[in-house]
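Observations on the three-dimensional arrangement
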Amino acid sequence: MNVVFAVKQYVSKMIEDSGPGMKVLLMDKETTGIVSMVYTQSEILQKEVYLFERIDSQNREIMKHLKAICFLRPTKENVDYLIQELRRPKYSIYFIYFSNVISKSDVKSLAEADEQEVVAEVQEFYGDYIAVNPHLFSLNILGCCQGRNWDPAQLSRTTQGLTALLLSLKKCPMIRYQLSSESAKRLAECVKQVITKEYELFEFRRTEVPPLLLILDRCDDAITPLLNQWTYQAMVHELLGINNNRIDLSRVPGITKDLREVVLSAENDEFYANNMYLNFAEIGSNIKNLMEDFQKKKPKEQQKLESIADMKAFVENYPQFKKMSGTVSKHVTVVGELSRLVSERNLLEVSEVEQELACQNDHSSALQNVKRLLQNPKVTEFDAARLVMLYALHYERHSSNSLPGLMMDLRNKGVSEKYRKLVSAIVEYGGKRVRGSDLFSPKDAVAITKQFLKGLKGVENVYTQHQPFLHETLDHLIKGKLKENLYPYLGPNTLRDRPQDIVVFIIGGATYEEALTVYNLNRTTPGVRIVLGGTTVHNTKSFLEEVLASGLHSRSKESSQVTARSTSRR
């Protein structure tokens, strides 16, 4: 159950099947992203693919000495582009691969257009999703619902992405969904329809325990995407933003031209692969060790590396070091910028209070701490609003709820109306009325004892006490204790045994903190393999855009005509 490997295999097979000779890879906007996540350009060049083109690019040259490998989503638009292409072919021979099921009528239209008989084959290769980590995939859809219901176009795309994932992993699952979410039920039904209609594709070798697809809704846990993060991959996404493995560093003060955009990919960056799940403190010391190893080879110019600034200076003074290890200069820059933002925005203090709001139940302490931070001039309007959102979600029905006072504090701090309106929008999106679960207060004796013991032991790290609600859901699922009245099966059949292969999909987006949870469960639970997916992978900024796009805010009291553009990163 490795999604990066699954997509990589498809791309390798396309290239191999076209045989020896020079090739062009013809893609669309989405498949370009899908391929770039699993292969670097230099890796593909080694396989005799010398040109990368977009099917929608108007001014492509005629190159009859090249074979064309077309990897496209089966959209009407792409089929039309292909028909035009085949009527006036630019390349000698075409190997056409669709990333999902293509209709017979579309294949017929292509055959009719192929008057010069240049098409060697047409196949379906189900790489129709973005493989982010081996156990994490995304569909890069922001704003999938309108109110509580699906946007029809996004429902169709999500159904395609999810069924392609199942086909690529060769799984025909039983389906469970979150009962409190109409969207989850709708998606479950649509996936089931495709499995029934395309039953021949889903005829895989039966396993003793059938795989399971669990469909959840982001509304059930609006806390996780609002928290600051302290593990490397999650922190980079939260503070800088990761878009298809690319990080835009152009706003970093004094950035050099070659580092304005960097790629972080565990597939071909060993340091990143080894550090992506470690916390920030460990990464700083690991970079230091890496650089000190190199310094040992340069005894004459021994330097002490005490701070991030020393490391940056060291890298800049060694052009040959830079050449030897672009990796190191990249990570020093990224970690340096994270470090700068943490101190500039006072994030250690902010994060400690966020964790208290997410994990503790002491209302008066939480309120005091939020009020104190709202007075701090270093705390940005974004972080101030985020703290009030967390307070609003946790203490929504508390007898001493002081939200109006906090809203006034936000106004006095000069926080823009856009962010203030988002507070009520978040409660509308993921408040108590909406949730099928109880996010905050453990009900049964075992859970209360666990929380009490955790409090006695003290938490190993005050900034990472929070565990996503997904952890509890999956823990119950693996132990066979996930309640069927809250997460029913679609259809009459149920699993008698504990599940082994689990695909979890979150409508409204997953997070890197949840991906870390899944990574740890995979590592520590023998015999269980979990893959997590979402309509997108959120940081706080994109999650707030998702909430705005849902339009729920327009029904809430303080909210009218909110602009759906988020601010640029602060």
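Below, the structure is looked at part by part. Every chain is numbered on its own, with residues counted from 1 as its sequence reads. pLDDT decides what is reported in this predicted model: residues at 70 or higher carry local features, side-chain atom pairs at 80 or more are listed and counted, and totals for whole chains, interfaces and linings draw on all residues regardless. Hydrogens and water are ignored here; the side-chain numbers use all heavy atoms of the structure.

On the surface, Met22, Leu45 and Tyr50 cluster together into a nonpolar patch covering about 270 Å² of accessible area. Here a strand is any run of E in DSSP of at least two residues, a helix any run of H or I of at least four, and the numbering for each starts at the N terminus. One can find Met22 in the loop between helix 1 (3-17) and strand 1 (23-27). Only residues whose relative accessible area exceeds 30% and that take part in no salt bridge are eligible for patches, with like-charged residues grouped when within 9 Å of each other and nonpolar side chains (Val, Leu, Ile, Met, Phe, Trp, Tyr) grouped when within 5 Å. In these tables, accessible area is a Shrake-Rupley quantity obtained with a 1.4 Å probe, and a residue counts as shielded only by the protein chains included in the view. Salt bridge, as used here, is a side-chain nitrogen of Lys or Arg placed within 4 Å of a carboxyl oxygen of Asp or Glu.

Any two of the Phe, Tyr and Trp rings considered here, Trp counted by its six-membered ring, make a pair once their centres fall within 6.5 Å; the pair's planes then place it as stacked at under 30 degrees, edge-to-face at over 60, or tilted in between. Under the counting rule described, the total for this entry stands at twelve aromatic pairs. A centroid spacing of 4.8 Å and a plane angle of 35 degrees characterise the contact between Tyr97 and Phe125, whose relative ring orientation is tilted. A residue pair is termed long-range when its members are at least 10 positions apart, and Tyr97 in strand 4 (residues 93-98) and Phe125 in the loop between strand 5 (119-124) and strand 6 (130-133) qualify at 28 residues. For Phe125, a relative accessible area of 5% translates into the label buried. Feature note: the residues Tyr10, Tyr97 and Phe125 constitute an aromatic cluster, connected by ring pairs. Seen from the ring of Tyr39, Lys8 lies directly overhead, with NZ or CZ sitting 5.0 Å from the centre. The ring of Tyr419 has Lys418 sitting right over it, with the charged end atom 5.0 Å from the ring centre. Three labels apply to residues, based on accessible area from a 1.4 Å probe with only protein chains included: buried if under 20% of the type maximum, exposed if over 50%, partly exposed otherwise in between. The criterion is that NZ of a Lys, or CZ of an Arg, lies within 6 Å of the ring centre and within 35 degrees of the ring normal, and then a charge sits over that ring.

So, about unusual backbone geometry. Phi at Lys170 is positive, roughly 60 degrees, even though this residue is not glycine. You can see Lys170 is positioned in the loop between helix 6 (152-168) and strand 10 (174-177). Classification of Lys170 as exposed rests on a relative accessible area of 54%. Positive phi is not limited to glycine here, since Asn244 has a value of about 50 degrees. By the secondary structure assignment, Asn244 is in the loop between strand 12 (242-243) and strand 13 (246-248).

This brings us to the environment of Leu136. Note that Leu136 resides in strand 7 (residues 136-138). Here Leu136 falls in the buried class, since its relative accessible area comes to 0%. Placed 398 residues apart in sequence, Leu136 and Gly534 show a C-alpha to C-alpha distance of 8.4 Å. Once residues lying within four places of it in the same chain are set aside, the contact partners of Leu136 are Val3, Ile130, Ala131, Tyr512, Ala515, Leu532 and Val537. The criterion used for residue contact is that any of the two residues' heavy atoms lie within 4.5 Å.

All right, on to the sheet that holds strand 2 (residues 49-54) then. Here five strands make up an open sheet; going across it, the order is 2-1-3-4-5 and the pairing parallel. The open sheet terminates on both sides in strands that have one partner only, identified here as strand 2 and strand 5. Strand-to-strand twist of the sheet, defined as the mean angle between neighbouring strand axes without regard to direction, takes the value 15 degrees. Two strands pair if DSSP finds at least two bridges between them. With six bridges joining them, strand 3 (residues 67-72) and strand 4 adopt parallel strand pairing. Paired with Lys67 across the two strands is Ile93, which belongs to strand 4. Between N-to-C directions, angles cover 0 to 180 degrees, with each direction set by a line fitted to C-alpha atoms, over the stretch in contact for helices. Along the sheet, helix 4 (residues 76-87) contacts strand 1, strand 3, strand 4 and strand 5; its crossing angle with strand 4, the most-contacted strand, is approximately 170 degrees.

On inspection of all chains with the given rule, the structure shows 30 salt bridges. Asp56 is the salt-bridge partner of Arg54, the closest N and O atoms lying 3.0 Å from each other. On the basis of relative accessible area, Arg54 is assigned to the partly exposed category, the value being 30%. Residue Asp56 is classed as partly exposed on the basis of its relative accessible area, which comes to 28%. Arg73 is the partner of Asp128 in a salt bridge, and the nearest nitrogen-oxygen pair spans 2.7 Å. Here Asp128, found in the loop between strand 5 and strand 6, pairs with Arg73, found in the loop between strand 3 and helix 4; they are 55 residues apart in sequence, far enough to count as distant. Since its relative accessible area comes to 0%, Asp128 is described here as buried.

A separate point is the packing of helix 16 (residues 381-394) against helix 17 (residues 403-413). Two elements in contact, helix 16 and helix 17, have axes separated by 11 Å at closest approach and are oriented at 175 degrees. Put simply, helix 16 runs roughly antiparallel to helix 17. Where helix 16 approaches helix 17, its residues Ala384, Ala385, Val388, Tyr391 and Ala392 are matched on the opposing element by Leu403, Leu406, Met407, Leu410 and Lys413. All residues other than Ala, Val, Leu, Ile, Met, Phe, Trp, Tyr, Cys, Pro, Asp, Glu, Lys and Arg, Gly among them, are scored as polar; the first ten of these are nonpolar and the last four charged. Of the residues belonging to the contact of helix 16 with helix 17, the class tally is nine nonpolar, no polar and one charged. Should an angle lie under 35 degrees it is considered roughly parallel, over 145 roughly antiparallel, and from 65 to 115 roughly perpendicular; all remaining angles are considered oblique.

An α-helical turn contains 3.6 residues, so any two residues separated by three or four positions project in the same direction. For helix 15 (residues 363-374), which comprises twelve residues, the first-to-last C-alpha distance of 16 Å matches the rise-based estimate of 16 Å (1.5 Å per residue) to within 8%. Here helix 15 has its buried residues at His363, Ser365, Ala366, Leu367, Asn369, Val370, Leu373 and Leu374. Check the buried side of helix 15 and you find it contacts helix 14 (347-359), helix 16 and helix 17. Expected helix span is taken as 1.5 Å per residue step, with the number of steps being one fewer than the number of residues.

What follows deals with the sheet that holds strand 11 (residues 212-217). For sheets, the rule is that strands pair by backbone hydrogen bonds, running either parallel or antiparallel. What the six strands build is an open sheet, ordered 6-7-17-15-11-10; its pairing is mixed. Each edge of the sheet is formed by a strand with only one pairing partner; in this case those strands are strand 6 and strand 10. Ignoring which end each strand starts from, the neighbouring axes of this sheet average 25 degrees apart. As paired elements, strand 15 (residues 501-507) and strand 17 (residues 529-534) share six bridges and run parallel to each other. By the bridge assignment, Val503 is partnered in strand 17 with Val531. Across the face of the sheet, helix 20 (residues 469-478) comes into contact with strand 10, strand 11, strand 15 and strand 17 while running at roughly 150 degrees to strand 15.

At their nearest, the axes of helix 15 and helix 16 sit 10 Å apart, and the two run at 165 degrees to each other. Of the possible angle classes, the one that applies to helix 15 and helix 16 is roughly antiparallel. The interaxial crossing formed by helix 15 with helix 16 has left-handed handedness. Residues His363, Leu367, Val370, Leu373 and Leu374 of helix 15 lie in contact with helix 16, whose contacting residues are Ala384, Leu387, Val388 and Tyr391. Put simply, a crossing is left-handed when the front helix is turned counterclockwise from the back one by less than a right angle, and right-handed when it is turned clockwise.

Of all the six residues making up strand 4, five are buried; the element is thus mostly covered by neighbouring parts of the structure. Handedness of a crossover is defined as follows: with both strands directed away from the viewer, a clockwise route from the first strand across the helix to the second makes it right-handed. Between strand 3 and its parallel partner strand 4, the chain crosses via helix 4, and the hand of that crossover is right-handed. Taken together, the five bridges between strand 4 and strand 5 define a ladder with parallel strand orientation. Note that in strand 5 the partner of Phe95 across the bridge is Glu121. Handedness of the crossover is the feature at issue here: the chain leaves strand 4, passes through helix 5 (residues 104-113), returns alongside strand 5, and the resulting connection is right-handed.

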